[in-house]
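# Working through the structure, step by step
The residues making up each chain are set out below.
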Amino acid sequence: WIGLKYINGDAGTYAYDNILKEELHKYGDYSYYFGPKDVNSKMISYNNAIIRKNNKTKKYKLIIPLNDEETTLMRDNVLFYKKYFYLIGNDITRYDLTAEVPSKTKKIYKGAFIQNAEVSEIYGIEKKWIYVKVSLFIDSGNHRGYTDKYYKIKFNVDKVYEITKSMLPEKYK
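To start, this report covers the structure provided alongside it. (Residues numbered from 1 in each chain as written. Predicted model: local features only at pLDDT ≥ 70, side-chain atom pairs only at ≥ 80, totals over all residues. Heavy atoms only, no water.)

### Some details on the packing of aromatic side chains
A complete count under the given rule lists 12 aromatic pairs for this structure. Pairwise contacts between aromatic rings join Tyr32, Phe80, Phe85 and Tyr95 into one cluster. Residue placement shows Arg52 over the ring face of Tyr30; its charged tip is 4.6 Å from the ring centre. Positioned above the aromatic ring of Trp129, the side-chain terminus of Lys152 is 4.4 Å from the ring centre. (Phe/Tyr/Trp six-rings, centres within 6.5 Å; stacked < 30°, edge-to-face > 60°. Lys NZ or Arg CZ within 6 Å of the ring centre and 35° of its normal.)

Spelled out as structure tokens, the structure:
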């Protein structure tokens, strides 16, 4: 990240002397990467923003800055699907990557899972449903520990259903 510099005149636009290493998603003329949120920060975190690269102009732009809670979720609970970026935790957050300012398109589905649930695996999307495994901590009577539950979520985040493991699409079993 030596050589990261801010481009004056366009807020949130950056130039990189070194190419960002891991392309997370490609849609249309753009590629998406994890990147730093603040070029003046003494400690640059690779997981606190989504950077969009215009593949024609080779310019990079910070499009979704993330707060600390979301940054923690980012490590495992991120999903790209066509023009959308998702953070999946107790709440499900969706951004439209094709918007002029994607961070302003933030939509949150509150309380998708109960508080002591941890999304342990995001399988992917099939037929417009997101499939996930959630580890749920149970503390009742003689039973204490984690149990796995499976869910499917409508990709536009308007429905969440608990399913059995056998109801997962064949490629995720």
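### Overview of the pairing of strand 12 (residues 129-140)
Strand direction decides the pairing type here: strand 11 (residues 117-126) and strand 12, joined by eight bridges, are antiparallel. Among the inter-strand pairings, Glu118 is bridged to a residue of strand 12, identified as Ser135. Hairpin connection, strand 11 to strand 12: the antiparallel pair is bridged by two residues, and Lys127 has positive phi, about 50 degrees. Where strand 12 and strand 13 (residues 143-154) come together, 12 bridges link them in antiparallel fashion. (Pairing = 2+ DSSP bridges. Helix = DSSP H or I, 4+ residues; strand = E, 2+ residues; numbered from the N terminus.)

### Looking at the sheet that holds strand 7 (residues 78-81)
The strand order across the open sheet formed by four strands is 7-8-9-10, and the pairing between neighbours is antiparallel. Of all strands in the sheet, those bounded by a partner on one side alone are strand 7 and strand 10 (107-109). Neighbour to neighbour, the strand axes of the sheet diverge by 20 degrees on average, direction disregarded. Sheet topology places strand 9 (residues 92-96) next to strand 10; three bridges connect them, and they run antiparallel. Among the inter-strand pairings, Arg94 is bridged to a residue of strand 10, identified as Lys107. (Axes fitted to C-alpha atoms, helices over the stretch in contact; angles between N-to-C directions.)

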